[in-house]
Amino acid sequence: MKKETVLINFARAELVDHEALFDALDTGVIKRYIIDFGTEDLLNREGVTVFPHVGGSTEEAELNCAIMASQTVRRFLETGEITNSVNFSNMHQLQDTPYRITLINKNVPNIVAKISTAVSDLGINIDNILNRINQLVETFQASDNIVRVRLIELRK
């Protein structure tokens, strides 16, 4: 790192090791550290500029967050689509059938193969899965490795 570097951190305070930062400030490697989340050890420290962390605290931001969160929950409840979840990957699929099965499974080996086998064992083929969907849901619900099964009837 070049001497007199300016380090800006508007992501997360934990990304920067403060002991290493203070050493770099004391030796002139870092000229200034700018952050929007002040901790006790950063406040009133020479070479550190702390901005207030208010991006999500404005009235407009809170309203926008509430709208986005409610739209995301609504989309999940209506379609099973998952967006920006902490615990699940994003899931977007075409809505070209009247039903969707969503399931949450335990993270165990071969679970995807077991799900595929359950479909196959019922003699269900992709072209007639809609006619046997309730039987498929019951089979998934009986599995020890499936936490939750939900049948969603998609609205057009």
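Visitor: For the overall build of the protein, give the residues involved together with the corresponding values.
Guide: When its secondary structure is counted, the protein shows four helices and five strands. Reading the secondary structure of the protein in the N-to-C direction produces β-α-β-β-α-β-α-α-β. For 156 residues, the compact-globule estimate of 2.2 N^0.38 gives 15 Å, and the protein exceeds it by more than 25% at 25 Å. A principal-axis box enclosing the C-alpha atoms of the protein has dimensions of 70 × 40 × 25 Å. The proportion of buried residues among the 156 residues of the protein is 26%. Within the protein, residue pairs in contact and separated by at least 24 positions form 49% of the contacts whose partners lie at least 6 positions apart. In the form shown here, the protein has an accessible surface area of approximately 11,600 Å², with 53% of it arising from carbon and sulfur atoms. Separation of charge centres in the protein, based on 16 positive and 21 negative side chains, amounts to 7 Å.

Visitor: Summarise the pairing of strand 2 (residues 30-35); cite the residues concerned and give the values.
Guide: Pairing geometry for strand 1 (residues 5-9) and strand 2, over five bridges, is parallel. Paired with Thr5 across the bridge in strand 2 is Ile30. Note on the crossover from strand 1 through helix 1 (residues 18-27) to strand 2: the handedness is right-handed. For strand 2 and strand 3 (residues 48-50), the ladder comprises three bridges, and the chain directions are parallel. Bridging across to strand 3, Ile35 finds its partner in Val50.

Visitor: I'd like to hear about the packing of aromatic side chains, residue by residue, with values.
Guide: Counted according to the given criterion, the structure contains one aromatic pair. For Arg45, the ring lying beneath its charged end belongs to Phe22, and the centroid distance is 4.0 Å. Between the NZ or CZ atom of Arg150 and the centre of the ring of Phe76, over which it lies, the distance is 4.9 Å.

About the criteria used
Residues numbered from 1 in each chain as written. Predicted model: local features only at pLDDT ≥ 70, side-chain atom pairs only at ≥ 80, totals over all residues. Heavy atoms only, no water. Helix = DSSP H or I, 4+ residues; strand = E, 2+ residues; numbered from the N terminus. Rg over C-alpha atoms; globule rule 2.2 N^0.38 Å. Buried < 20%, exposed > 50% of the residue type's maximum accessible area, 1.4 Å probe, protein only. Contact = heavy atoms within 4.5 Å. Areas by Shrake-Rupley, 256 points an atom, 1.4 Å probe, with all protein chains shown as cover. Lys, Arg positive; Asp, Glu negative; His and termini not counted. Charge placed at Lys NZ, Arg CZ, Asp CG, Glu CD. Pairing = 2+ DSSP bridges. Right-handed = clockwise from strand over helix to strand, strands pointing away. Phe/Tyr/Trp six-rings, centres within 6.5 Å; stacked < 30°, edge-to-face > 60°. Lys NZ or Arg CZ within 6 Å of the ring centre and 35° of its normal.

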